[in-house]
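Geometric and topological summary
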Amino acid sequence: MPDVPAHAAPLDGVPPAVEYCELVESATRRRVRFGTSLTIGRHPTNGLCLDEPLVSSFHAVIEWGEDGWSARDLGSLNGTSLNSRRLNGRAALKMGDVLRFARSQAWFVERLVADPSALACASLERTRGVQGSLPPDLRIEILALGPAEGQITVRWGEEVQQQVLGGTLFLLLDRLGQEPGAWITDADLRRSLWGRRWEELSRSALHQPIYTLRRLFEGWGLSGVVIEKEHGATRLTIGPCQVARTGRVEDAAQDRGPDEPA
């Protein structure tokens with residue numbers, strides 16, 4: 001099976017000199033690369049999507065904090081183990097550790113970056129389109145609060161605006177924010193937002209949430225074309241260095257987001 005980079009990793013395709021973290025599956029040698037955090041679960045918006053029935057939609061997270069790297073179970077039904085011991089709360093993570101999500105194959109921690117804040121995102125190729133007209137001090141932070149819910153913070157210089165989004169709007173912005181500047185097909189977006197129901201929906205199903213997000217950006221003082229649309233694809237026209245995502249999920253009591261089918 002070929003290497004599969006994480007959706008959450010804008011580091012895919014960058015020069016080899018740029019550091020990244022990496023998990024490797026024991027059986028297939030499938031690899032997943034990520035930066036400052038990685039969410040794991042069955043839902044397609046996770047950085048590592050595991051299509052296994054015993055894995056919860058939002059199962060676990062690997063994240064960088066003040067005390068270094070850690071792994072945390074997100075209230076999954078079938079648990080997460082670290083080095084054959086079930087996780088209870090947060091546990092420190094280091095290279096060589098072995099993670100297992102429910103009864104999935106073991107995943108080895110192959111590489112961890114000593115200081116993720118030092119990742120050289122500035123070397124990434126800048127996006128085309130309207131990217132060049134965006135102010136250099138613009139930053140969007142996407143913080144997951146729970147399944148299919150998150151807080152969006154727009155920092156433009158010293159001005160800060162925040163809003164909590166839920167359901168389809170959060171999932172759409174979160175998916176676009178995983179690969180800022182990259183064109184994502186509408187089929188991929190519909191799959192991320194509506195799970196197995198996506199094939200039943202018309203191609204116009206994305207029009208309303210995209211329109212609503214554009215209006216939100218305009219309300220924040222940004223041009224609506226920050227979300228750019230072309231035939232069959234959509235993208236967030238903000239460079240990777242200007243978009244911050246975190247996998248810190250504070251409340252994962254629900255196993256499924258409101259838009260995910262049972």
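A quick note: this is a predicted structure, and the numbers were derived from the prediction, not measured. (Residues numbered from 1 in each chain as written. Predicted model: local features only at pLDDT ≥ 70, side-chain atom pairs only at ≥ 80, totals over all residues. Heavy atoms only, no water.)

Another point: the sheet that holds strand β9 (residues 90-92). With mixed pairing, 5 strands are arranged side by side in an open sheet as β4-β3-β5-β6-β9. Edge positions in the sheet fall to β4 (48-49) and β9, since each has one partner strand and no second. Here 6 bridges tie strand β5 (residues 60-65) to strand β6 (residues 68-73), and the two strands are oriented antiparallel to one another. When the bridges of β6 are listed, W64 appears paired with W69. (Pairing = 2+ DSSP bridges. Helix = DSSP H or I, 4+ residues; strand = E, 2+ residues; numbered from the N terminus.)

Under the definition given, this model contains 13 salt bridges. R139 is paired through a salt bridge with E141; the nearest N and O atoms lie 3.6 Å apart. On the basis of relative accessibility, which here comes to 33%, the residue R139 falls in the partly exposed class. In the salt-bridge network here, residues are joined through shared partners; they are E22, R31, R33 and E110. (Salt bridge = Lys/Arg side-chain N within 4 Å of Asp/Glu carboxyl O. Buried < 20%, exposed > 50% of the residue type's maximum accessible area, 1.4 Å probe, protein only.)

So, on to the pairing of strand β10 (residues 98-101). Only one face of β10 is buried: it carries L99 and F101, and the other face, with V98 and R100, is open. Inspection of the sheet shows strand β7 (residues 80-82) paired to β10 by 3 bridges, in the antiparallel sense. Within the sheet, the bridge partner assigned to L82 lies in β10 and is L99. Judged from the 2 bridges that link them, β10 and strand β11 (residues 107-111) form a sheet pairing that is antiparallel. If you follow L99 over to β11, its bridge partner there is W107. Hairpin connection between β10 and β11: a loop of 5 residues separates the two successive antiparallel strands, and A102 in this loop has a positive phi of roughly 55°.

Right, let's talk about the pairing of strand β14 (residues 159-166) for a bit. Here strand β13 (residues 149-156) pairs with β14 via 8 bridges, running antiparallel. Considered in β14, the bridge of Q151 is made with V164. Where β13 folds back onto β14 in an antiparallel hairpin, the turn is made up of 2 residues, including G157, whose phi is positive at roughly 65°.

On to the nonpolar core, then. Counting 30 residues, the largest nonpolar core has I152, L165, L173, L213, F217 and L236 as the members making the most contacts within it. Per-element tally for this core: the top contributor is helix α1 (residues 167-178), with 6 residues. Contact partners of I152, with chain neighbours within four places excluded, come to I140, E141, I142, Q161, Q162, Q163, L165, F170, L173 and W220. Residues C21, V55, A71 and V113 belong to the second largest nonpolar core, which totals 24 residues. (Core = buried A, V, L, I, M, F, W, Y, C linked by side-chain atoms within 4.5 Å. Contact = heavy atoms within 4.5 Å.)

Our focus in this paragraph is the sheet that holds strand β17 (residues 233-236). In spatial order, the strands read β15-β17-β16; together these 3 strands make up an open sheet with antiparallel pairing. Two strands close off the open sheet at either side, each with one partner strand: β15 (184-185) and β16 (227-230). Of the pairings in the sheet, the one linking β15 to β17 comprises 2 bridges and is antiparallel in character. Paired with T185 across the two strands is A233, which belongs to β17. Lying on the sheet, helix α3 (residues 207-219) is in contact with β16 and β17; it crosses β16 at an angle near 145°. (Axes fitted to C-alpha atoms, helices over the stretch in contact; angles between N-to-C directions.)

Here we come to α1. Its 12 residues place the ends of α1 17 Å apart at the C-alpha level, agreeing with the 16 Å of an ideal helix rising 1.5 Å per residue. The element α1 is largely enclosed, with a buried count of 12 among its 12 residues. The set of residues buried in α1 consists of G167, T168, L169, F170, L171, L172, L173, D174, R175, L176, G177 and Q178. (Expected span 1.5 Å × (residues − 1).)

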